[in-house]
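The chain contents come next:
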Amino acid sequence: MSERYKHFTLEERTSIAALYQAGRSCRQIASALDRAPSSISREVKRNVGYGANARYSPRYADEVAWARRWRGARLERDDDLRNSVLEKLTAGWSPEQVAGRLRLEGSEQQISHESIYRFIHVQIARTKDYSWRNFLPRAKSKRGWPYKSPNPIQNIKNRVSIHQRPACVQARKRLGHWEADLVHPQKSGAAILVASERKSRYTLLAKLDGKHAKPVASQLVRWLQPMPKNRRRSVTQDNGTEFYAHTKLNDIGIQTYFCDPHKPWQKGSVENTNGRIRRYIPRGTDPNSFSNQDLQKLADILNHTPRKCLAFKTPAEIFLSHKKLVHFECESTFPPSRE
């Protein structure tokens, strides 16, 4: 038999129950499990249950044995250790730093970082006092990583990766290649559809009721279809559900490309434009505080502001240059009339 005592496992308790019901003695059971007879006798007597029809049940015995060993969290039992740990956490230390420092100092009061995390989250669950989370470096009330949605590209029909986009688009050598995105002033409610032409940085804006795919695609078609073909060659977008109806653009001869999942910087032009829009419409702005007409005025400001990357020309000067364009239906094409 082993020289060091080991607690009975659930499998051993299952064997004890089967042999005990078969009428085997404690010595016979001990011999079969390579255990001391006294250990078998004590195990059966302590965990046999209560009542006239009580019998030895392995699962019940396992639960009772573990409950008997549990004496509460160490940080709950040891006031000095708890105060020391909480003091260091308040100073901005992480649980791992606290545990590591105690171990380095050779302190008698040592504890693992896992026990510290467990203690904090147990207090939150038991008391519903979420101020306990402030003891942790990232102030998270729940453990684990945030939920990561499944790969969205599986739901996009006829999706073409941005890696198949011609090199001339990346180099901004010709007009007509657009990028599209949605800007959300608040988490829910109305959104701003943004389209930015890569070479000229020309911007189109429209206010939409939400982020549904069909209205987004319809608005892009209303913008781009009236344009000459050399001004509407392609549109690059992310993998959000608002762009799932992109095939409407394919129907009018516009190629669509999609960024890699979770890599919005691959459509850098429109992301830069979003940042400029945030100067006028910061996060948290009530969508009801501005109208679509206000957005057209904002688009006009953006399109008639000189840009360093354009040698201080304006996006409108670049986009409307070279050839005389056929007029197309778009509110933000020309500056508003002066009163």
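All values derive from a computational prediction rather than experimental measurement.

Participant: Any chance you could break down the packing of aromatic side chains for me, citing the residues and the numbers?
Facilitator: For any pair of aromatic rings, the description consists of the separation of the ring centres together with the inter-plane angle of the planes. With the rule as written, the count across this model stands at four aromatic pairs. Judged by centre distance (5.6 Å) and plane angle (75°), the rings of tryptophan 178 and phenylalanine 319 are edge-to-face. Here tryptophan 178, found in strand 1 (residues 177–183), pairs with phenylalanine 319, found in helix 14 (residues 315–319); they are 141 residues apart in sequence, far enough to count as distant. Neither residue differs from the other here; tryptophan 178 and phenylalanine 319 are each classed as buried. Among the aromatic residues, ring-to-ring pairing joins Phe119, Trp132 and Phe135 into one connected group. Here the basic side chain of arginine 35 rests over the ring of phenylalanine 8, its NZ or CZ set 4.2 Å away from the ring centre.

Participant: Tell me about the packing of helix 1 (residues 10–21) against helix 4 (residues 58–69), and please be specific about residues and values.
Facilitator: Viewed as axis vectors pointing N to C, helix 1 and helix 4 meet at an angle of 135°, and their least axial separation amounts to 8 Å. Judged on the interaxial angle alone, helix 4 and helix 1 are oblique. The chirality of how helix 1 crosses helix 4 is right-handed. In this structure, helix 1 uses Leu10, Arg13, Thr14 and Ala17 to contact helix 4, whose residues at the interface are Pro58, Arg59, Ala61, Asp62 and Ala65.

Participant: Which residues make up helix 1, and what values go with them?
Facilitator: An ideal rise of 1.5 Å per residue puts 16 Å on 12 residues; helix 1 measures up with 17 Å between its terminal C-alpha atoms. Listed in full, the buried residues belonging to helix 1 are Glu12, Arg13, Ile16, Ala17 and Leu19. In the stretch just after helix 1, glycine 23 is the one whose phi turns positive, near 90°.

Participant: Account for the environment of phenylalanine 312, naming residues and giving values.
Facilitator: Secondary-structure assignment places phenylalanine 312 in the loop between helix 13 (292–303) and helix 14. Residues in contact with phenylalanine 312, not counting those within four places in the same chain, are Pro306 and Arg307.

Participant: Mind laying out empty space enclosed by the protein, listing which residues take part and the relevant values?
Facilitator: Tallied over the entire structure, the rule returns one cavity of 30 Å³ or more. Estimated volume of the largest cavity: approximately 30 Å³. If you trace the largest cavity, you find it lined by Ala213, Val216, Ala217, Leu220, Gln237, Glu242, Phe243, Ala245, His246 and Leu249. Per-element tally for the lining of the largest cavity: the top contributor is helix 10 (residues 213–224), with four residues. In terms of residue class, the lining of the largest cavity is built from seven nonpolar, two polar and one charged.

Participant: Now, about the packing of helix 6 (residues 79–90) against helix 8 (residues 113–127): what can you tell me, with residues and values included?
Facilitator: At their nearest, the axes of helix 6 and helix 8 sit 12 Å apart, and the two run at 90° to each other. By the criterion of interaxial angle, the relationship of helix 6 to helix 8 is roughly perpendicular. Note on element contacts: helix 8 touches helix 6 through Ile116, Phe119 and Ile120, opposite Arg82, Val85, Leu86 and Leu89. Taken together, the residues of the contact of helix 6 with helix 8 sort by class into six nonpolar, no polar and one charged.

Participant: Tell me about the pattern of salt bridges, and please be specific about residues and values.
Facilitator: When the charged atoms of two side chains lie near each other, side chains of opposite charge can form a pair. Evaluation of the coordinates by the stated rule reveals 12 salt bridges. Here glutamate 114 ties to arginine 118 by a salt bridge, and the two come within 3.6 Å at their closest N and O atoms. Highlighted residues: glutamate 114 and arginine 118, both in helix 8, separated by four residues, approximately one helical turn. Owing to a relative accessible area of 31%, glutamate 114 belongs among the partly exposed residues under this scheme. The class of arginine 118 is partly exposed, set by a relative accessible area of 45%. The partner of aspartate 238 in a salt bridge is lysine 267, with the nearest N and O atoms 3.7 Å apart. Here aspartate 238, found in the loop between strand 4 (234–237) and helix 11 (247–250), pairs with lysine 267, found in the loop between strand 5 (255–258) and helix 12 (268–280); they are 29 residues apart in sequence, far enough to count as distant. The network of salt bridges with common partners includes Asp181, Asp238, Lys267 and Glu271.

Participant: A description of the pairing of strand 1 should follow, citing residues and the corresponding values.
Facilitator: Across the seven residues of strand 1, seven count as buried, placing the element largely inside the fold. Of the pairings in the sheet, the one linking strand 1 to strand 4 comprises three bridges and is parallel in character. Its bridge partner being in strand 4, histidine 177 is matched across the sheet by serine 234. Alignment of strand 1 against strand 2 (residues 191–197), held across six bridges, turns out to be antiparallel. Paired with leucine 182 across the strands is leucine 193, a residue of strand 2.

Participant: Can you break down the nonpolar core residue by residue, with the values?
Facilitator: One finds Trp178, Leu220, Trp223, Leu224 and Leu249 to be the most contacted residues of the largest nonpolar core, which totals 25 residues. For this core, the elements supplying multiple residues, two or more each, are strand 1, strand 2, strand 3 (203–208), helix 10 and helix 14. Per-element tally for this core: the top contributor is helix 10, with five residues. When residues no more than four places from it in sequence are discounted, the contact partners of leucine 220 are Ala180, Leu193, Ala195 and Leu249. Residues Leu81, Val85, Val98 and Leu136 belong to the second largest nonpolar core, which totals 14 residues.

Reading the values: rules and limits
- Residues numbered from 1 in each chain as written.
- Predicted model: local features only at pLDDT ≥ 70, side-chain atom pairs only at ≥ 80, totals over all residues.
- Heavy atoms only, no water.
- Phe/Tyr/Trp six-rings, centres within 6.5 Å; stacked < 30°, edge-to-face > 60°.
- Helix = DSSP H or I, 4+ residues; strand = E, 2+ residues; numbered from the N terminus.
- Buried < 20%, exposed > 50% of the residue type's maximum accessible area, 1.4 Å probe, protein only.
- Lys NZ or Arg CZ within 6 Å of the ring centre and 35° of its normal.
- Axes fitted to C-alpha atoms, helices over the stretch in contact; angles between N-to-C directions.
- Parallel < 35°, antiparallel > 145°, perpendicular 65-115°, else oblique.
- Left-handed = near helix turned anticlockwise from the far one by under 90°.
- Contact = heavy atoms within 4.5 Å.
- Expected span 1.5 Å × (residues − 1).
- 1 Å grid on protein atoms, 1.4 Å probe; cavity = no way out; pocket = protein on both sides within 12 Å on 5 of 7 lines; lining within 4 Å.
- Points joined across faces, edges and corners; volume = space filled by probe spheres on them.
- Nonpolar A, V, L, I, M, F, W, Y, C, P; charged D, E, K, R; others polar.
- Salt bridge = Lys/Arg side-chain N within 4 Å of Asp/Glu carboxyl O.
- Pairing = 2+ DSSP bridges.
- Core = buried A, V, L, I, M, F, W, Y, C linked by side-chain atoms within 4.5 Å.

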